[in-house]
Amino acid sequence: MITTSRRPTKSMRTLCKDLVTVLPSLKKVNRGKMGFRAVLEKAAEIGAEKVVIIDRWKGRPGRIRLFEIGEKIVQIPPQLYLRGIKLRREFKIEEVSIPRTVFIEESEGENDEIRKIREAFSKFFNLPKAKLNDKNGISFTLMHFSMDHENLIRVSFYLMPRKIEVGPRIRISHAVWDI
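Residues numbered from 1 in each chain as written. Predicted model: local features only at pLDDT ≥ 70, side-chain atom pairs only at ≥ 80, totals over all residues. Heavy atoms only, no water.

(A) Region of the structure containing the overall build of the protein. Assigned secondary structure in the protein consists of three helices and ten strands. Shown N-terminal to C-terminal, the secondary structure of the protein runs as helices and strands in the order β-α-α-β-β-β-β-α-β-β-β-β-β. Relative to the globule expectation of 16 Å for 179 residues, the C-alpha radius of gyration of the protein, 16 Å, shows essentially globular dimensions. Out of the 179 residues in the protein, the part that is buried amounts to 48%. A sequence separation of at least 24 residues applies to 59% of the contacts in the protein between residues at least 6 apart. (Helix = DSSP H or I, 4+ residues; strand = E, 2+ residues; numbered from the N terminus. Rg over C-alpha atoms; globule rule 2.2 N^0.38 Å. Buried < 20%, exposed > 50% of the residue type's maximum accessible area, 1.4 Å probe, protein only. Contact = heavy atoms within 4.5 Å.)

The following block contains the structure:
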């Protein structure tokens, strides 16, 4: 389940919608005036075992928090602080159908922070890892992690095998692991 903090902006709602499009395991829930406990009750009501909350900072998406729901509610590291996003509508691509199969790209030569975030996402979203050449010929969505020109971690989504970036693109300023 994915939702926003209270009083979400249009870009926060659109980011949630975009993430639901590329990550089929997510279900978007409008938070409205629900408090944190009500959000978790709603998650239990719809059978969600995990919750993603996108918080606002200075009027834009600023933080992503991951929670597991069981007997206790546990926040799962990392807590990601965002520097910027580029939404699907900003990619100016023709309307394409997004495959329901998603892989996280596993590449060599990454720095430790990218590797840790990739592993955490793979585990939290239950997404298999694959090398780019592992899935020749089939259509799937690839979640790719890289460093951008400002040394920020960038999470991008590509339609494969055509290698078209379909968005959203998320730039992470830093990750907090001790929660």
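(B) Structural view of the side chain of Arg31. Mapped onto the secondary structure, Arg31 falls in the loop between helix H1 (10–22) and helix H2 (36–45). The charged side chain of Arg31 is buried without a salt bridge, its nearest counter-charge being Asp55 at 5.2 Å. Here the side chain of Arg31 touches Thr4 through a polar contact of 3.3 Å, landing on its backbone oxygen. (Lys, Arg positive; Asp, Glu negative; His and termini not counted. Salt bridge = Lys/Arg side-chain N within 4 Å of Asp/Glu carboxyl O. Polar contact = N/O pair within 3.5 Å; in protein donor to acceptor, adjacent residues only side chain to side chain.)

(C) Seen up close, H1. For H1, with 13 residues, the first-to-last C-alpha span of 19 Å sits near the 18 Å given by 1.5 Å per residue. For H1, the complete set of buried residues consists of Met12, Thr14, Leu15, Cys16, Asp18, Leu19 and Val22. (Expected span 1.5 Å × (residues − 1).)

(D) View of helix H3 (residues 112–124). The terminal C-alpha atoms of H3, which comprises 13 residues, lie 18 Å apart, in line with the 18 Å expected from a rise of 1.5 Å per residue. Among the residues of H3, Ile114, Ile117, Arg118, Ala120, Phe121, Ser122 and Phe124 are the ones counted as buried. The N-capping residue of H3, defined by a side-chain oxygen 3.1 Å from the backbone nitrogen of Glu113, is Asn111. Asn126, located one to two residues past H3, shows a positive phi value of around 55°.

(E) Here's a closer look at the pairing of strand E5 (residues 102–105). Of the two faces of E5, the one holding Val102 and Ile104 and the one holding Phe103 and Glu105 are both buried throughout. Regarding topology, H3 serves as the crossover connection from E5 to the parallel strand E6 (residues 129–130), and that connection is right-handed. (Right-handed = clockwise from strand over helix to strand, strands pointing away.)

(F) Looking closely at the packing of aromatic side chains. On inspection of all chains with the given rule, the structure shows five aromatic pairs. For the pair Phe121 and Phe125, a centre-to-centre distance of 5.4 Å together with 75° between the ring planes defines the contact as edge-to-face. When the ring of Phe124 is compared with that of Phe125, the centres are 5.1 Å apart and the planes differ by 90°; the resulting orientation is edge-to-face. For the pair Phe124 and Phe125, one class covers both residues: buried. Among the aromatic residues, those joined into a ring-pair cluster are Phe121, Phe124, Phe125 and Phe145. Directly above the ring of Phe124 sits Lys50, whose terminal nitrogen or CZ lies 5.1 Å from the centroid. (Phe/Tyr/Trp six-rings, centres within 6.5 Å; stacked < 30°, edge-to-face > 60°. Lys NZ or Arg CZ within 6 Å of the ring centre and 35° of its normal.)

(G) Representation of the pattern of salt bridges in the model. In this structure the tally under the stated criterion is ten salt bridges. The salt bridge involving Arg171 is made with Asp148; its shortest N-O contact spans 2.7 Å. Of the two residues, Arg171 sits in strand E10 (residues 169–176) while Asp148 sits in the loop between strand E7 (140–147) and strand E8 (153–160), which places them 23 residues apart along the sequence. In this structure, Arg171 engages Glu150 in a salt bridge whose closest nitrogen and oxygen atoms are separated by 3.1 Å. Linking Arg171 in strand E10 with Glu150 in the loop between E7 and E8, this pair joins segments that are 21 residues apart in sequence. Given a relative accessible area of 42%, Glu150 falls into the partly exposed group.

None of this, on its own, says anything about what the molecule does.
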